[in-house]
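Residue strings, one per chain:
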Amino acid sequence: MNSTSPRRRFASAAVAGVALTGLLSACGGSDSGDDASSKPSGPVTLDFWGWANGQEAVVKAFNASHKDVKLKYTKVTDQLTMQKQLTNAVKADNAPCLLQNTGEYVTSWVSQGALADITQYVQSNKDKFNPGSWAVGQVQGKVYGVPTASAPAFTIYRTDIFAKYGLQPPRTWDDFIAAGKELKKHGIKVTNYAGEDPSTLEVLAMQAGADWYSIDGDSWKVNFQDEGTLKAAKVIQEIIDNDLNAKLSFADYAAVQRSFDTGATATRQISTWQMSGMVQNFTKSFGKWALAPWPTFKGEAARTPAGTNQSGNLTLVSEQCDHKEQAAQAALWMSTDPGAVKTMASPETGSGVMPALADSESYVSEAISQKLLGKNYEPAKKIVTDSLGTIRTGWTFGPNWTAMFTEMQDEWAKVVSKKQKVTDLLAHMQEWTVNDLKQRGINVKG
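All values reported here derive from a predicted model rather than from experimental measurement. Here, residues in each chain are numbered from 1, in the same order as that chain's written sequence. Where totals are concerned, whole chains, interfaces and linings use all residues; where local detail is concerned, this predicted model gives features only for residues with pLDDT of at least 70, and gives and counts side-chain atom pairs only at 80 or more. Where side-chain values are given, they derive from all heavy atoms of the structure, hydrogens and water being excluded.

Enquirer: Summarise the pattern of salt bridges; cite the residues concerned and give the values.
Expert: Close approach of charged atoms allows side chains of opposite charge to pair. Each reported salt bridge corresponds to a side-chain nitrogen of Lys or Arg within 4 Å of a carboxyl oxygen of Asp or Glu. Evaluated as defined, the whole model comprises 11 salt bridges. We note a salt bridge from Lys418 to Asp243, for which the minimum N-O separation is 2.7 Å. Residue Lys418 is found in the loop between α17 (401-416) and α18 (422-439), and its partner Asp243 is found in the loop between α9 (227-241) and β11 (245-246); the two are separated by 175 residues along the sequence. Relative accessibility thresholds used throughout: buried, under 20% of the residue-type maximum; exposed, over 50%; partly exposed, between the two (1.4 Å probe, protein chains only). For Lys418, a relative accessible area of 42% gives the class partly exposed. Look at Asp243 and you get partly exposed, because its relative accessible area is 29%. We count a stretch as a helix when DSSP gives it H or I for four or more residues in a row; a strand needs E for two or more, and each element gets its number in order from the N terminus.

Enquirer: Please set out the pairing of strand β14 (residues 314-317) residue by residue, giving values where relevant.
Expert: Residues Leu314 and Leu316 point to one face of β14 and Thr315 and Val317 to the other, with burial holding for every one of them. Should DSSP find at least two bridges between two strands, the strands are regarded as paired. Across 4 bridges, strand β3 (residues 98-101) lies against β14 in antiparallel orientation. Of the residues in β14, the one forming a bridge with Gln100 is Thr315. Where strand β6 (residues 145-147) lies against β14, 3 bridges are found, and the strand directions are antiparallel. By the bridge assignment, Val146 is partnered in β14 with Thr315.

Enquirer: Talk me through the state of the cysteines; I want residue IDs and the actual numbers.
Expert: By disulfide we mean two sulfur atoms from cysteines, separated by a distance within 2.5 Å. With the rule as written, the count across this model stands at 1 disulfide. Disulfide partner of Cys97: Cys321, at an S-S distance of 2.1 Å. What sets the handedness of the Cys97 and Cys321 disulfide is the S-S torsion sign, and at about 90 degrees it is right-handed. Here the residue Cys97 occupies a position in the loop between α2 (79-91) and β3, and Cys321 occupies one in the loop between β14 and α12 (324-336), the gap between them amounting to 224 residues. Taken individually, Cys97 and Cys321 each receive the classification buried, so the pair is uniform in this respect.

Dropping the structure here:
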């Protein structure tokens, strides 16, 4: 079983109440619970791999306040690089004790025996976190990671452009498409679909109530063609068919940011963390942005996806770590220490991530940028706070998610370039995912 796939974002993923064998596969290790070296006689140093802005400052603060445990930080380029480096490290038996990762990878890494069960070290702190975020690090009711972020989701848009053309912030996806058609007349794109990133399809399907993976008895059930997914596909297809989207790759990150800064693209559906990239790269449009609620499907109540990427929603402990208890406690500190949380929440000093804490609403002021929003800063606080109350829960990441997403990326690129329809992609993913699970020896229906 291999786990190599670029991915981002997090959702409330929980897998519980079912037999592990057959659901995750016959291979993969388990934590014996023997952590004889977890209480050494002298100070220990724990390797910590991550990619989020602000982590180096948090590590420095941790080391300054702890005598017996020190963190050695290695900055990884990005999420894709993390999966590749971790795969190599696990094979070489030199995985770091702590690593940043996102929710969709947890089940896959657990199935390979790469993560440590840290339930006994962190379970008593469960009430410090919001339930959705806490669920992300669990498989079979066991805890493998400490959450670091929530993901309120909303639209950010150019107020000057919308005002110039008499547009209101879109309340529904129908409104969004209508705004895109008007903006097109003036050479402006309403959104950007990177050809390598099908997360748009995932989050809209999530919002529409889809469940690509679920558990039925002792088997996984796969469904990429349910009502919710087809509803999401219809919206995306109309945007692509009408050429309302830019096609800028995140491989040229500067070009993507420049498109928003110059007004060539007028909106984004994002979470708080993406604001840090805007703040750090913009030069022309500060104060011209405002927030609006995530568009709804017509006639439906507000429901936002559980994330649109995040700068690191989990700190995981590896099975190969010789000091699991200290690693788990360090992960808890980074997610709960007030100074560390504020550092990471700020788009200036960190990644603009909303903390995963039960009182995460109190950090809204730190997580959004007054420089970016200008006079729209105060109204934006309510948009973010309200979004925290509408986040979709119950989305499950399957055991082959990483491989599945790699395959979906190739098919998504064909969708963006108009070589196939979204429904063609979905039909392919249904067949491919079922066959892949069977080849891995995992029980599957679909």
